[in-house]
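# Results of the structural survey
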Amino acid sequence: MTDSAAAPAPAQTPTLQLPPGYPEHTNATRLYGPQITGDTNELYTRIRQEHGPVAPVLLDGDIPAWFVLGYREIQHVTSNSQLFARDCRRWNLWDHIPSDWPLLPYVGWTPSVMFAEGEEHRRRAGALGDALDALDRAELVTICNEIAEELVETFAEDGTAELISQYAHQIPAYVVARIFGLPKSDIPQLVRDVLDSLDTAEGAAAAHQRVHDRLHQLVADRQQRRRRDVPSRLLDHPAGLTFDEIVIDLLVVMAAAQAPTGNWIGNTLRLMFTDDTFSTTVQGGRSSATEALNEVLWKQTPTQNFIGRWATQRCELAGRRIQAGDLLVLGFAAANTDPQVQPGQPTGSGENRAQMSFGGGEHGCPFPAPELARIIATSAIEVLLDHLPDVELSVAEDELEWRPSVWMRGLFELPVQFTPAPPTT
């Protein structure tokens with residue numbers, strides 16, 4: 001055989017080109033690609049076994065970061081805002097981030113409460129908390145039940161439904177729109193835009209802009225005439241929020257409520273349909289909803305990981321040398337299964353709500369948002385099971401497909417079947 005006819009040499013694996021200052025990331029785990037489409041709990045267990053409670057990882061495009069997956073370590077990071085802060089503009093790798101980086105929506109700075117720090121964050125988060133806390137809980141339950149019942153009515157006569165797109169992801173957007181005081185006629189289009197804006201499709205940016213414009217108009221309307229709603233309370237709050245601050249922080253609330261709460265509902269329904277512990281009581285409807293919701297936060301929490309915190313100075317965390325400006329990814333799902341806190345297989349049952357699903361510290365999900373999300377999710381499940389008591393999966397459990405995201409834990413679809421129900425009056 002001549003040289004020209006020789007078999008081609010095997011392709012060489014390209015050398016990993018890391019920014020300077022990250023020697024520990026040469027063989028780091030990639031938190032993207034095919035490895036995140038399967039059982040992420042197995043992935044987190046392997047990372048913990050190889051690297052401990054703080055691990056070097058690579059984000060999309062092989063961008064180095066630190067993955068904090070120890071329960072106590074996350075508590076330390078989230079409770080120490082002087083050392084691990086939220087303003088992403090201190091990131092030491094911005095010069096290496098392309099303008100089309102897929103994770104920019106998670107990292108890119110905006111003048112919102114999400115990236116505010118110190119007194120500025122306390123001022124704005126406090127105003128939001130007060131405006132939400134003023135919601136009458138009984139009235140909120142009534143709103144949630146009405147919305148859930150209206151959505152169930154849209155498919156109850158069909159005998160089949162797809163509960164993720166038709167139900168679970170619809171309810172949070174409708175509820176938030178109602179408590180914001182939007183006219184009922186505006187809500188369907190707004191809900192479509194909210195859902196589209198959180199997608200990766202081509203129209204996401206345009207949908208996000210439409211949501212922003214509608215909230216801008218809403219706050220302008222409330223400047224002229226106050227009502228009993230969240231924007232009016234923010235305008236009157238002694239914190240003195242500006243017009244633009246109110247608009248962008250309302251946008252943050254709407255986005256933050258949507259995917260996590262929708263996936264919480266969907267993941268809980270899946271658990272109740274497939275786990276013998278809960279499926280035996282599905283027909284009773286209410287008896288196991290609370291326990292199932294709590295179990296999901298421990299085992300299939302909607303927000304798996306969160307970007308994040310940035311180190312304000314050089315420090316050490318679980319034996320790792322963290323440089324000023326380093327990015328830390330908070331591994332909530334991994335922390336919930338930390339064997340140092342949960343020896344053996346965690347149950348997450350009962351009233352134990354010490355899971356990390358809502359974060360912690362100054363920048364955790366602020367009071368009363370977790371309580372309101374729980375009201376929304378509980379109402380959604382109870383209404384569905386009350387109206388369709390024999391609802392069950394219409395496919396095998398192993399046919400359900402998780403979205404390939406390292407950030408959110410949620411299903412593509414949850415197809416079900418049930419005895420068709422006539423419309424109620």
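Refer to the structure above for everything that follows.
To start, this report covers the structure provided alongside it. (Residues numbered from 1 in each chain as written. Predicted model: local features only at pLDDT ≥ 70, side-chain atom pairs only at ≥ 80, totals over all residues. Heavy atoms only, no water.)

Looking now at the overall build of the protein chain. Each helix and strand in the protein chain was counted, giving 15 helices and eleven strands. Out of the 425 residues belonging to the protein chain, those deemed buried represent 52%. Long-range pairs, those at least 24 residues apart, make up 71% of the contacts in the protein chain between residues at least 6 apart in sequence. In the form shown here, the protein chain has an accessible surface area of approximately 19700 Å², with 50% of it arising from carbon and sulfur atoms. (Helix = DSSP H or I, 4+ residues; strand = E, 2+ residues; numbered from the N terminus. Buried < 20%, exposed > 50% of the residue type's maximum accessible area, 1.4 Å probe, protein only. Contact = heavy atoms within 4.5 Å. Areas by Shrake-Rupley, 256 points an atom, 1.4 Å probe, with all protein chains shown as cover.)

Moving on, we come to the sheet that holds strand β11 (residues 415–417). To summarise the sheet geometry, strands pair through backbone hydrogen bonds and adopt either a parallel or an antiparallel arrangement. Ordered in space as β5-β11-β10, the three strands form an open sheet in which the pairing is antiparallel. In this open sheet, the two edge strands, each paired with only one partner strand, are β5 (160–162) and β10 (392–393). With two bridges joining them, β10 and β11 adopt antiparallel strand pairing. For E392, the partnering residue across the bridge sits in β11 and is Q417. (Pairing = 2+ DSSP bridges.)

As a packed pair, helix α5 (residues 137–153) and helix α15 (residues 369–387) sit with axes 9 Å apart at the nearest point and diverge in direction by 40°. Taken together, the axis directions place α5 and α15 in an arrangement best described as oblique. Handedness of the crossing formed by α5 with α15: right-handed. Between α5, through R137, L140, V141, C144, N145, A148, E149 and V152, and α15, the contact on the second element is made entirely by E371, L372, I375, I376, S379, A380, V383, L384 and H387. For the contact of α5 with α15, the class distribution of residues is eleven nonpolar, three polar and three charged. (Axes fitted to C-alpha atoms, helices over the stretch in contact; angles between N-to-C directions. Parallel < 35°, antiparallel > 145°, perpendicular 65-115°, else oblique. Left-handed = near helix turned anticlockwise from the far one by under 90°. Nonpolar A, V, L, I, M, F, W, Y, C, P; charged D, E, K, R; others polar.)

Another point: the pairing of strand β2 (residues 54–59). Note on strand geometry: in a regular strand, side chains alternate between the two faces of the sheet. The element β2 is extensively covered by neighbouring structure, given that six of its six residues are classed as buried. Pairing between strand β1 (residues 29–30) and β2: two bridges, direction parallel. Following the sheet pairing, T29 is matched in β2 by V57. Where β2 meets strand β3 (residues 63–68), six bridges bridge the pair, whose relative direction is antiparallel. Across the sheet, L58 pairs through a bridge with P64, a residue of β3. The turn joining β2 and β3, which pair antiparallel and follow one another in sequence, is formed by three residues; a positive phi near 85° is taken by G61.

Looking now at the environment of G262. Positionally, G262 belongs in helix α11 (residues 243–274). Under the relative-accessibility criterion, G262 is labelled buried at 0%. When neighbours within four sequence positions are excluded, G262 is seen to be in contact with A168, H169, P172 and A257.

On to the pairing of strand β6 (residues 305–311), then. For β6, the tally of buried residues reaches six of seven residues, placing the bulk of the element in the interior. Of the pairings in the sheet, the one linking strand β4 (residues 84–85) to β6 comprises two bridges and is antiparallel in character. Bridge pairing in β6 places A85 opposite W310. For β6 and strand β9 (residues 327–331), the ladder comprises five bridges, and the chain directions are antiparallel. The residue bridging F306 from the neighbouring strand is L330, located in β9.

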